[in-house]
Amino acid sequence: MRKAVSPGRRRYVSAMGAAIFLLTVLLVAVGCGSSDDNGGSSGGGGGGGGKIDLVGYSTPETVYQEALEPPFQKTPAGKGVSFSNSFGASGDQSRAVEAGQPASVVHFAQAGDMTRLVDAGIVDANWDKQKYNGIAEDSVVSIVVRKGNPKGIQSFDDLLTKDVSIVTPNPFSSGGARWNIMAVYGSQLQEGKSETEALDAVKTVLSKTDAQPGSASDALTAFTQGQGDVLLSYENEAIRAQTEGEDVDYVVPDNTILIETPIAATKDAPESAQKFLDFLWSDAGQKIWADNGYRPVNKARVDPQKFPTPKGLYTIDKFGGWDKVNTDFFDETNGKVAKIEQELGVSTAG
């Protein structure tokens, strides 16, 4: 037979139940705010810690993972910060973030890939009002050759007149490839040739390509595995290849283009993302870039012996900036380079 419960006992049980319920709510709340498996808080906002989702173009992957992130994590600003990294062809990476890939910091090969995220509302329109105009590091377009330079390549003109096969990435996935093409195009203008002659030079170079891999890193891999006589690439990639013991040399032509790679924190990034950018621009961060073959954006940190300024160096502004260049040259339907690639049977699908 079931015993009756006295009113006093019922009030006591009810009070205990309420207390247990409140304690459970508090425990759940604390659990939701706990750190993730990598040791950083999953949420954004102020304070230390936080997880940074870094999305970048292909070439600086090793530098970030081995040379930049660990020392940042040892600073007061980086204490408790964890990283989730994604690297690949610049255009592909930008489109992935636009489609929803998590990103706290985005670092691309060229400004057009940043503009896509500004238009999507993911990056602030004033990203280029940051320190150093929002540029993380610099480089120049170089010509990577086999050890000893057996073809005697010294300039982009040599690519036009000599019997060589060329490796350069596909400009409709790779930002580095677009720099390469504008380097060839601009070198001709620097010599006083017409825009038509400059575009013909681009067509000649592309017609001699042995391979057009998806990214600059993939292009370097193809070259070091034996494809092509020359590789058009970032100077820092040529330096990396030599550092890793590959049998290559490289030439920085007198007429070449300054490569400027944009970086920004996204609008919903944790506070630690901006602190990481500040670290990249600090003297310590700039030294790390330089030690790994990149030209520092802090000109006081540039070693003129290691990074001499080419005599005919020019910037993308020579052609009206990336917005104009991407429309005039790399529009997938009507761009000048798109039409050349289509004639050569190369895909222009982004």
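Being a predicted model, the structure only gives us computed values, none of them experimental.

A. Spatial organisation of helix H7 (residues 195-207). If you check H7, its first and last C-alpha atoms are 18 Å apart, about what 13 residues at 1.5 Å a residue would give, namely 18 Å. Among all positions in H7, only Ala198, Ala201, Val202, Val205 and Leu206 are buried. End-on view of H7: buried residues confined to an arc of 135 degrees, all on one side of the axis. Next to the buried residues of H7 lie helix H5 (156-161), strand E5 (166-167), helix H6 (175-190), strand E6 (209-211), strand E7 (230-234) and helix H13 (336-344).

B. Spotlight on the pattern of salt bridges. Applying the stated criterion across every chain yields a total of 16 salt bridges. The partner of Lys129 in a salt bridge is Asp128, and the shortest N-O contact between them spans 3.3 Å. Residue Lys203 pairs with Glu343 through a salt bridge whose shortest N-O separation is 2.9 Å. Note that Lys203 is positioned in helix H7 and Glu343 in helix H13, a separation of 140 residues in sequence. Exposure remark for Lys203: the relative accessible area of 35% places this residue in the partly exposed category. Here the residues in one salt-bridge network are Glu98, Asp113 and Arg116, joined through shared partners.

C. Region of interest: the pairing of E7. Burial analysis of E7 places 5 of its 5 residues in the buried class, which makes it a mostly covered element. Pairing of strand E4 (residues 135-146) with E7 involves 5 bridges; the strand directions are antiparallel. Bridged to Ile143 within E7 is Leu232. Where E5 meets E7, 2 bridges bridge the pair, whose relative direction is parallel. Directly across from Ile166, in E7, lies its bridge partner Val230.

D. The packing of helix H8 (residues 216-224) against helix H9 (residues 235-243), seen in detail. Interaxial distance between H8 and H9 falls to 11 Å at its minimum, and their mutual angle equals 45 degrees. One finds that H8 runs oblique with respect to H9. Between H8 and H9 lies a crossing of right-handed hand. The residues of H9 that touch H8, namely those facing Ala216, Ser217 and Leu220, are Glu237, Arg240 and Ala241. Its residues placed into classes, the contact of H8 with H9 shows 3 nonpolar, 1 polar and 2 charged.

What counts, and where the lines are drawn
- Residues numbered from 1 in each chain as written.
- Predicted model: local features only at pLDDT ≥ 70, side-chain atom pairs only at ≥ 80, totals over all residues.
- Heavy atoms only, no water.
- Helix = DSSP H or I, 4+ residues; strand = E, 2+ residues; numbered from the N terminus.
- Expected span 1.5 Å × (residues − 1).
- Buried < 20%, exposed > 50% of the residue type's maximum accessible area, 1.4 Å probe, protein only.
- Arc of directions from axis to C-beta.
- Contact = heavy atoms within 4.5 Å.
- Salt bridge = Lys/Arg side-chain N within 4 Å of Asp/Glu carboxyl O.
- Pairing = 2+ DSSP bridges.
- Axes fitted to C-alpha atoms, helices over the stretch in contact; angles between N-to-C directions.
- Parallel < 35°, antiparallel > 145°, perpendicular 65-115°, else oblique.
- Left-handed = near helix turned anticlockwise from the far one by under 90°.
- Nonpolar A, V, L, I, M, F, W, Y, C, P; charged D, E, K, R; others polar.

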